[in-house]
Every structure is written in C-alpha cells, then in structure tokens.
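# Overview (structure and organization)
Listed here are the chains, written in short residue letters.
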Amino acid sequence: MADFKIWMNGRLLPQDQAVLPVNSAAVFYATNVFEGLRAYWNATDGELYAFRLADHFARLRESMKMMRFSVPYGDDDLFEAVRAVLAGNGVQEDVHMHMVAYVLGAGMDATSPTGLYINPRQRGRLAPEGRGLACCVSSWQRTSDNAIPIRLKCGANYQNGRLALLQAKADGYDAPIFLNRDGKVAEGTGATLFMVRKGRVVTPGTASDILESITRATLIEDVCPGMLGLDVAERDIDRTELYVAEEAFFCGSGYEITPITSIDRFPLGSGEIGPVTRAISKVYMGLVRGVDTQHPEWRTPTYKAVTV
Ligand SMILES: Cc1ncc(COP(=O)(O)O)c(C=O)c1O
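So, how was this worked out
- Residues numbered from 1 in each chain as written.
- Predicted model: local features only at pLDDT ≥ 70, side-chain atom pairs only at ≥ 80, totals over all residues.
- Heavy atoms only, no water.
- Pairing = 2+ DSSP bridges.
- Helix = DSSP H or I, 4+ residues; strand = E, 2+ residues; numbered from the N terminus.
- Axes fitted to C-alpha atoms, helices over the stretch in contact; angles between N-to-C directions.
- Buried < 20%, exposed > 50% of the residue type's maximum accessible area, 1.4 Å probe, protein only.
- 1 Å grid on protein atoms, 1.4 Å probe; cavity = no way out; pocket = protein on both sides within 12 Å on 5 of 7 lines; lining within 4 Å.
- Points joined across faces, edges and corners; volume = space filled by probe spheres on them.
- Domains from an automatic or database assignment.
- Contact = heavy atoms within 4.5 Å.
- Buried area = accessible area lost by both parts, 1.4 Å probe.
- Salt bridge = Lys/Arg side-chain N within 4 Å of Asp/Glu carboxyl O.
- Polar contact = N/O pair within 3.5 Å; in protein donor to acceptor, adjacent residues only side chain to side chain.
- Nonpolar A, V, L, I, M, F, W, Y, C, P; charged D, E, K, R; others polar.
- Expected span 1.5 Å × (residues − 1).
- Bend = angle between axes of the 7 residues up to and from the residue.
- Disulfide = S-S within 2.5 Å.

A sheet is described by the order of its strands in space; here 7 strands give the open sequence 2-1-6-5-3-4-15, paired in antiparallel fashion. Bordering the open sheet on either side are strand 2 (11-13) and strand 15 (299-301), each of which pairs with just one other strand. Neighbour-to-neighbour, the strand axes of this sheet turn through a mean angle of 25°, independent of strand direction.

The omega torsion of the bond from Ser112 to Pro113 falls at -15°, within 30 degrees of zero and hence cis. Tracing the sequence through the fold places Pro113 in the loop between strand 5 (95-103) and strand 6 (114-121). Its identity as a non-glycine residue notwithstanding, Ala30 has a phi of 55°, on the positive side. Looking at the element boundaries, Ala30 is found in the loop between helix 1 (25-28) and strand 3 (32-42). A relative accessible area of 21% places Ala30 in the partly exposed class. Although it is not a glycine, Arg265 sits at a positive phi angle of roughly 75°.

If you walk through the whole model with that rule in mind, you get 2 cavities of 30 Å³ or more. The calculated volume of the largest cavity comes to roughly 50 Å³. The wall of the largest cavity is formed by Glu246, Glu247, Ala248, Pro259, Ile260, Thr261, Leu268, Glu272, Ile273, Gly274 and Thr277. Here the element with the most residues in the lining of the largest cavity is strand 13 (residues 256-263); it accounts for 3 residues. Roughly 30 Å³ of internal volume is contained in the second largest cavity. Lining the second largest cavity are Leu37, Arg38, Tyr40, Phe51, His56, Ser253 and Tyr284.

For interface size, the figure often reported is the accessible area lost on association. According to the domain assignment, the protein chain consists of domain 1 (6-123 + 297-307) and domain 2 (133-273). Taking only C-alpha atoms into account, the centre of domain 1 sits 26 Å from that of domain 2. Taken residue by residue, the interface counts 21 residues in domain 1 and 18 residues in domain 2. Taken over both partners, the interface formed by domain 1 and domain 2 buries close to 1,600 Å², and the fraction arising from carbon and sulfur atoms is 60%. When residues of domain 1 are sorted by the area they lose upon contact with domain 2, Phe34, Arg52 and Arg59 head the list and together hold 34% of the total. Inspection of the region where domain 1 meets domain 2 yields 2 salt bridges. Taken together, the connections running from domain 1 to domain 2 amount to 12 residue pairs in polar contact (both at pLDDT 80 or more). When residues of the side of domain 1 that touches domain 2 are traced back to their parent elements, those giving at least two are strand 3 and helix 2 (53-66). Ranked by residue count, the leading element in the side of domain 1 that touches domain 2 is strand 3, at 8 residues. Within the side of domain 1 that touches domain 2, the residues separate by chemical class into 10 nonpolar, 5 polar and 6 charged.

Roughly 920 Å³ of internal volume is contained in the largest pocket. Along the wall of the largest pocket there are 43 residues; nearest its centre are Phe34, Arg123, Lys153, Tyr158 and Gly190. Only strand 3, strand 5, strand 6, helix 4 (158-170), helix 5 (214-227) and strand 12 (247-252) provide two or more residues apiece to the lining of the largest pocket. Considering each element in turn, the lining of the largest pocket owes the most residues, 6 residues, to helix 4. Residues of the lining of the largest pocket, tallied by class, amount to 17 nonpolar, 17 polar and 9 charged. Residues lining the lining of the largest pocket come from more than one domain, with at least three contributed by each of domain 1 (6-123 + 297-307) and domain 2 (133-273).

The next subject is helix 5. Owing to its 3.6 residues per turn, the α-helix brings residues three or four apart onto one side. Compared with the 20 Å implied by 1.5 Å per residue over 14 residues, the 17 Å span of helix 5 between its first and last C-alpha is markedly short. Roughly 40° is the biggest bend found in helix 5, and it falls at Ile220. With 10 of its 14 residues buried, helix 5 lies for the most part within the structure. Among the residues making up helix 5, those that are buried are Ile214, Thr215, Arg216, Ala217, Thr218, Leu219, Ile220, Asp222, Val223 and Cys224. The backbone nitrogen of Thr215 lies 3.2 Å from a side-chain oxygen of the residue at the head of helix 5, namely Ser213.

Here the focus is the state of the cysteines. Following the criterion strictly, the structure yields 0 disulfides and no others. Free of any disulfide, Cys136 has its nearest neighbouring cysteine sulfur in Cys135, separated by 7.1 Å.

Right under this line is the structure:
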C-alpha cells in the first residue's frame, strides 16, 4: 500500500511526523471536524476528479461553525490543501482522503488555535466483490440531535459507531444499522441507508439523526429520479420494514454503494445483490469517475490544474 505523505498546515510530512500534542483538545476530546472524500482517476482524461468538493467544503464549514472553531477555513484554503496533497504525492489513482480541522488548544472549551490536515490513502470497496453485507439492527442507539448531533461531523461522534460496530462484529455480523431515539431507522456507522420496498426506493429523512450525506443527495437529486427513473421517498422507516425489504444498501463517499443482503439474518429478496442496487451502483460509479460526463459541476479536476 502506498504510504502517501500527509499535508499538515502547509507542509507535506511523512505519516510518522504528522503528530498532535497529547494535551490538545484534538487528542484528548477528539475535538475535530472532518470530511471523508474520494478522488477518482480517469485514465482517458488523464485527470483526477474530486467528487462534490464544494459540498464537502460547505459541510466542513457547517461543522466548524457548530463547534465554534475560531478559524473557519475558506474554500480557497481548503482547495489549495487538496491540490497540494494530491500533487505533492503525485497521485494518479483512486484515492480516499480525510480532511480534518482540529483544535490545538487544551481544555473542553478550547476553540483555538486550529489546524488542518489531509490524510490521503488507498481505500478499497467495503463489501467483497459480488457479496453484500450481513447487517444487524444495533442495540446501541444513534445519538440524538440534542445530545451529540450526527449532523455535525466530529471525530468524537464516531465512538457511537465504534461501539455498535464492535458489538456487531462480536455477534458475527459485518455491520450495524442504528435506530434513533424514536426507534426509527437512522443509518450505518459511516453511511446512509436506503431500502427498496414494494418497488420503491426509500431512505430516512434528514431529521432522523443521520448525517446529511452528499452521496444520499446525489442519489435523490438525480441518480435515482433523473438517470434511472426511480422515485425516492424520504420518510421514517420502521425496523420491521427492513426485514421484508426487497433490497437495501449503504451509501457514502467512502462506502460508495455497498449492498446489504441480510438484516438480523433475514435474507433480503433472494438474498443476492438486487437489480436496483446494481443499477444505482453502476450509474454512481460512472458519474464519480467522469465516464458518464453528466454533472461536470460535481467533479473538480485536481491533477492537470496542478501540473500545468
Ligand atoms: C455517519 C455518517 N453517515 C453518512 C455518511 C455518508 O455521507 P457522505 O455521503 O457525505 O459521505 C458518512 C460519511 O461521511 C458518515 O460518516
């Protein structure tokens, strides 16, 4: 696996030199906000396209605002950092990046000084080729908006996901699905959930204690209705609906479209990856790489821009 250098506050550093002080809020309380995003190499175009960069920057800014960070990085700073890390590493392959803004000061109420790093890495697909995930409904509850809001993409929030993931694995499942404080379906640990029920594509609404996912928006805005002619219903989902769904999948920048083929050991549909999931995945992957040239506004060229 390529050991990419990390861009940290304007410098490219080897992995073991990109470190944070132990007394910083960033380390002790996980006072950071972050984005996980992907850039896709398009060999025909000789270009590395970052997908929906502007939306990731906007969400990072919202997270910084909610966390009262003293220095909210602007789009220009963030784009320059993305270009610098990709160019500095000479990346010409698919890459996943964590873009992290953090608080260096000590203490629970620290809001400054802030720092920024981007950690690029190779990241494969989450479900083995041709197989879907065996999921469970977690006995851990998704944290609620008035406690630890999931709309806010803060590192500390992910302890909720960690508890559920480790429990799911200990119980022999691949991944958990969270219910929210109202007992309705929320999402996965780091992905949005969609199901296909009675031929209809359904996903929980954004007030269901979920992250406002950019991939979810991509499917709702055009992939499903425009490119595939599939309506998407945004509504509450009951736990038992999952058991009788024809299909289900996770989606996210990291997860892309990851099929789920059983939930609490109930096989979904035939127990194989379903046709709707396959179709959505195919269209999504064509779009992010720019093989399908629709929606050029969603793909930011990062490679030619830095090498000319
Ligand atoms: C908790 C959570 N939900 C959903 C998602 C999917 O969001 P997106 O499509 O913006 O990557 C992610 C990934 O960032 C996540 O961490």
